[in-house]
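# Structural overview for review
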Amino acid sequence: MADFRQNTKTLSSETYIELNNVSKRYKNFKAVDELSLKVFKGDIYGFLGPNGAGKSTSIRMMLSLIKPSGGSIKLFGKDLAHNRYQTLNRIGALIEKPDFYKYLTARENLEILGKIGNVTDLTSKIDETLELVGLRDRSESKVKTFSQGMKQRLGIAQSLLHDPDMIILDEPANGLDPQGQKEMRHLIQRINVERGLTILISSHILPEIEQLSNRMVIINKGKSVVEGNVQELLNEGEMKVSFFVDDVAKAIQAITTSGLASSLAESDDEKIILTIEQERIAEVNRFLVNNETAVSAIKPLRSLEEYFINITTA
Amino acid sequence: MKSLNTLIRIELFKIFKKGRTYIGFGAIFLIIIAIQAGIHFEGQNLFDFIMQQLDQNFQFEGNVINGYLITYLVLNTLWIHVPILVALVTGDLIAGEANSGTFRLLMTRPISRTKLLIAKFLAGWTYTVLLILFMILIGMGGGLLFFGKGDLMVFKDSINFFSASELPWRFFAAFAYGTLSMTVVAALAFMLSSFAENSIGPIIGTVAIIIGITIISTIGFSLMKPVNPWLFTTYLPGWQSFFEFELDKAKILRSVLVQVAYLVLFLGVTFYHFRKKDILS
């Protein structure tokens with residue numbers, strides 16, 4: 001995972017998705033409220049928000065399934081409303097649960113979508129994508145016999161069939177067990193690395209986004225709450241940090257006398273946990289060592305989940 | 001046009017891969033075979049019973065129970081059922097995709113909504129035509145094969161006799177007219193399908209509209225009398241006009257025009273609505 005996320009900065013300045021003040025109103029209800037975001041080439045962009053925040057509506061507007069009530073959407077630098085065919089041809093998508101023609105085989109489903117997408121050399125393309133998602137040996141099976149995980153993988157396969165530059169995945173791990181979620185995560189990583197695809201992924205499984213994404217937006221009640229680099233956002237402000245020490249009592253005494261007492265959140269037999277800003281971690285470490293307390297490990301405890309809850313309930 | 005052809009082929013592929021598509025063909029086959037078997041075994045007795053009164057005034061010669069009579073009886077029986085069978089498939093064309101969630105799969109591809117609708121309707125229309133051709137094949141083809149040719153006697157206001165030589169064009173015209181009527185039914189089911197999220201509603205809705213309006217019109221409320229000439233349901237049995245001794249061309253033309261107007265209306269509403277529709281399913 002460390003290799004995969006070593007470059008957590010924006011990978012390119014070329015904008016693939018740009019939403020400017022996009023809104024969607026249903027009578028008196030605003031599902032999306034002046035949402036703005038940017039996805040750059042090469043990003044794995046996390047799209048986060050609680051249930052009903054407007055994620056799926058936003059994604060459907062990006063794919064022209066839903067017409068926005070206001071604002072503008074640009075894909076690959078072109079206005080979606082006037083360049084629908086050119087832009088959609090460069091995008092693969094899996095929206096919510098992957099539904100297929102259940103009475104057709106996996107291959108027949110992909111043939112239909114490939115023909116619509118003007119895919120050349122369709123047979124070998126289908127074999128290639130089914131191989132990638134591990135469904136080659138089930139290509140002649142009817143989709144109604146597939147498990148949820150297999151349907152999700154077939155959903156990924158159809159999104160890749162026409163060699164898109166970007167794929168949009170709406171809850172790709174929905175309904176999968178932990179093992180299935182892990183396999184899906186690895187598959188998405190492979191696609192990003194091997195095919196160099198830009199990926200926008202919406203999910204409510206926060207560790208998934210934390211492990212996959214380099215940039216993200218969190219939306220709530222249809223509005224963008226925060227957007228930026230995942231690691232930078234997680235390291236922003238105060239966070240809980242565990243210091244694993246050889247003598248917990250001594251460490252607590254040192255912390256109490258240092259004026260950091262208010263930051264002491266909790267402790268147990270092997271560690272103390274402080275609520276401090278990231279910039280102060282090194283300072284505290286030095287202080288403990290200078291007070292003859294050996295520090296064997298330092299572990300920031302802020303997870304995306306904690307960050308998400310703080311942001312969306314603020 | 002190439003991509004429209006591709007879309008039509010895809011839609012036909014989907015229609016004919018579905019089990020429900022064959023319910024119509026199976027039902028028509030069974031009903032026609034039942035009619036033909038019934039006439040084979042009981043037809044002469046039934047005919048003799050009906051003709052008891054007429055025998056005193058007319059002398060019947062030749063093959064009275066023939067393939068044309070079978071076809072005419074089949075038409076009379078099946079024009080009640082065929083709209084249901086047509087709606088079964090055409091009512092599912094849009095709503096079925098919405099219900100199964102495959103619309104969002106299709107619509108995220110670079111595909112024109114208008115072209116998709118055209119392809120879907122033409123595929124549904126092809127199914128309708130094939131259903132009617134199947135009816136001709138089994139009903140008329142089977143009837144002529146097993147019962148032979150002969151003159152046709154039709155009771156409609158009065159007794160009309162048609163010689164075997166003029167019957168092919170009359171049946172051809174009746175089937176062509178019937179195809180137009182069933183196309184209107186298909187368009188109605190297609191329109192309802194564009195408003196629905198599952199296919200049960202459009203199928204039942206189509207049948208309910210046809211039966212409901214027909215019953216109200218037939219009961220003959222005085223309020224309905226001025227409206228009846230403008231209802232498409234009034235003209236669904238209009239194929240029988242081709243079995244009147246003197247063709248009422250003005251009446252037939254009016255029937256065709258009213259039905260074409262409804263066809264344009266139903267398709268117009270469908271296209272207008274679907275092009276603006278948010279794909280939420």
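Note that the coordinates shown come from a computational prediction; the quantities given were computed from them, not determined experimentally.

Conventions we followed
Residues numbered from 1 in each chain as written. Chains lettered and ligands numbered in written order. Predicted model: local features only at pLDDT ≥ 70, side-chain atom pairs only at ≥ 80, totals over all residues. Helix = DSSP H or I, 4+ residues; strand = E, 2+ residues; numbered from the N terminus. Buried ≥ 20, exposed ≤ 12 C-beta atoms within 10 Å, placed from the backbone. Contact = placed C-beta atoms within 7 Å. Pairing = 2+ DSSP bridges. Axes fitted to C-alpha atoms, helices over the stretch in contact; angles between N-to-C directions. Parallel < 35°, antiparallel > 145°, perpendicular 65-115°, else oblique. Left-handed = near helix turned anticlockwise from the far one by under 90°. Nonpolar A, V, L, I, M, F, W, Y, C, P; charged D, E, K, R; others polar. pLDDT = per-residue confidence, 0-100. Core = buried A, V, L, I, M, F, W, Y, C linked by C-beta atoms within 7 Å. Domains from an automatic or database assignment.

Within chain B, the secondary structure is distributed over ten helices and two strands. Written out in order from the N terminus, the α and β elements of chain B read α-α-α-α-α-α-α-β-β-α-α-α. Along the longest, intermediate and shortest principal axes, the C-alpha atoms of chain B span 70 × 45 × 30 Å. Buried residues in chain B amount to 36% of all 281 residues. Intrachain contacts of chain B at a sequence separation of at least 6 include 81% that bridge at least 24 residues.

With that out of the way, let us pick up the overall build of chain A. Looking only at helices and strands, chain A has eleven helices and 14 strands in total. Oriented by its inertia axes, the alpha-carbon framework of chain A measures out at about 70 × 45 × 35 Å. The buried share of chain A, reckoned over its 314 residues, is 39%. Sequence-distant contacts, at least 24 apart, represent 71% of the contacts inside chain A between residues at least 6 apart.

Further remarks concern the pairing of strand β11 (residues 238–245) of chain A. Residue and element names in this part refer to chain A. Both β11 and strand β13 (residues 271–277) contribute to a ladder of seven bridges, which runs antiparallel. When the bridges of β13 are listed, F244 appears paired with K271. As paired strands, β11 and strand β14 (residues 295–300) are joined by five bridges and run antiparallel to one another. Opposite F244, over in β14, you have A297 as the bridge partner.

A few words on the environment of B:H81. Residues and elements named next belong to chain B. Examined against the element boundaries, H81 turns out to sit in the loop between α3 (67–78) and α4 (82–90). Exposure remark for H81: the 14 C-beta atoms within 10 Å place this residue in the partly exposed category. When the C-alpha positions of H81 and N160 are compared, they lie 26 Å apart, and in sequence the two are 79 residues distant.

A few words on the sheet that holds strand β12 (residues 264–267) of chain A. Residues and elements named next belong to chain A. Strand order in this open sheet of four strands is β12-β13-β11-β14, and the pairing throughout is antiparallel. Because the sheet does not close on itself, it has two edges, and the strands there are β12 and β14. Sheet twist, expressed as the mean angle between neighbouring strand axes with direction ignored, is 25 degrees. Where β12 and β13 come together, three bridges link them in antiparallel fashion. Of the residues in β13, the one forming a bridge with L264 is L274.

This part covers the packing of helix α8 (residues 167–195) of chain B against helix α9 (residues 200–219) of chain B. All names here are of chain B. Where α8 contacts α9, the axes come no closer than 8 Å and their chain directions differ by 135 degrees. Here α9 runs oblique to α8, going by the angle between their axes. Once α8 is placed against α9, the crossing between them reads as right-handed. Note on element contacts: α9 touches α8 through G201, P202, I203, G205, T206, I209 and I210, opposite V185, L188, A189, L192 and S193.

Each side of the interface is counted separately: chain A has 21 residues, and chain B has 18 residues. Listing elements by their share of the side of chain A that touches chain B, those giving two or more residues are α2 (84–88) and α3 (106–116) of chain A. Sorting elements by how many residues they give to the side of chain A that touches chain B places α3(A) first, with four residues. For the side of chain A that touches chain B, a count of residues per class yields 14 nonpolar, two polar and five charged.

All names here are of chain A. One open sheet holds the six strands; their spatial order is β6-β7-β8-β3-β9-β10, and the pairing between them is mixed. The open sheet has two free edges, formed respectively by β6 (91–94) and β10 (223–229), since each of these has just one partner strand. Each neighbouring strand pair of the sheet contributes to a mean axis angle of 15 degrees, computed without reference to strand direction. In this sheet, strand β9 (residues 215–220) lies alongside strand β3 (residues 44–48) in parallel orientation, the contact comprising four bridges.

Segments scoring low in pLDDT should not have their predicted coordinates read at a detailed level. Mean pLDDT over chain B: 89, with 94% of residues reaching 70 or higher. Across the predicted assembly, pTM comes out at 0.84 and ipTM at 0.85.

The next subject is the nonpolar core. Ranked by internal contacts, the top residues of the largest apolar core, which has 131 residues, are A:I168, A:I199, A:I201, B:V86, B:V185, B:A189 and B:F190. With 15 residues, the top contributor of residues to this core is α8(B). Summarising the domain contributions, this core has at least three residues from each of domain 1 (15–234) and domain 2 (238–313) of chain A. Excluding anything up to four places from it in sequence, A:I201 contacts A:I44, A:Y45, A:G46, A:F47, A:L169, A:P172, A:I188, A:I209, A:L212 and A:S213. Membership of the second largest hydrophobic core comes to ten residues, among which are A:V241, A:V245, A:A251 and A:L274.

With that out of the way, let us pick up unusual backbone geometry. Residues other than glycine seldom take positive phi values, yet A:S64 does so here, at roughly 60 degrees. By the element assignment, A:S64 lies in the loop between α1 (55–62) and β4 (70–75).

Counting buried residues in α1(A) gives eight out of eight residues, a clear majority hidden from the surface. Residues of α1(A) that are buried: A:K55, A:S56, A:T57, A:S58, A:I59, A:R60, A:M61 and A:M62.

Residues and elements named next belong to chain A. Per the domain assignment, the segments making up chain A are domain 1 (15–234) and domain 2 (238–313). Here domain 1 and domain 2 have C-alpha centroids that lie 39 Å from each other. Contacts between the two partners involve eleven residues from domain 1, matched on the other side by eight residues from domain 2. Going through the elements one at a time, α7 (206–212), β9, β10 and α8 (230–234) are the ones with two or more residues in the side of domain 1 that touches domain 2. The biggest single contributor to the side of domain 1 that touches domain 2 is α7, with three residues. Class assignment for the residues of the side of domain 1 that touches domain 2 results in nine nonpolar, one polar and one charged.

What follows deals with the environment of A:S262. Residue and element names in this part refer to chain A. When you line up the elements, S262 lands in the loop between α9 (248–257) and β12. Residue classification places S262 among the exposed positions, given that 10 C-beta atoms sit within 10 Å. It is 8.4 Å that separates the C-alpha atoms of S262 and T275, two residues lying 13 residues apart in sequence.

Here the focus is the packing of α4(B) against helix α7 (residues 113–147) of chain B. Residues and elements named next belong to chain B. Running from N to C, α4 and α7 cross one another at 150 degrees; their axes reach a closest spacing of 10 Å. Classified by the angle their axes make, α4 and α7 are roughly antiparallel. Every pair of crossing elements has a handedness; the one defined by α4 and α7 is right-handed. Together, V82, L85, V86, V89 and T90 of α4 and G124, Y127, T128 and L131 of α7 make up the contact between the two elements.

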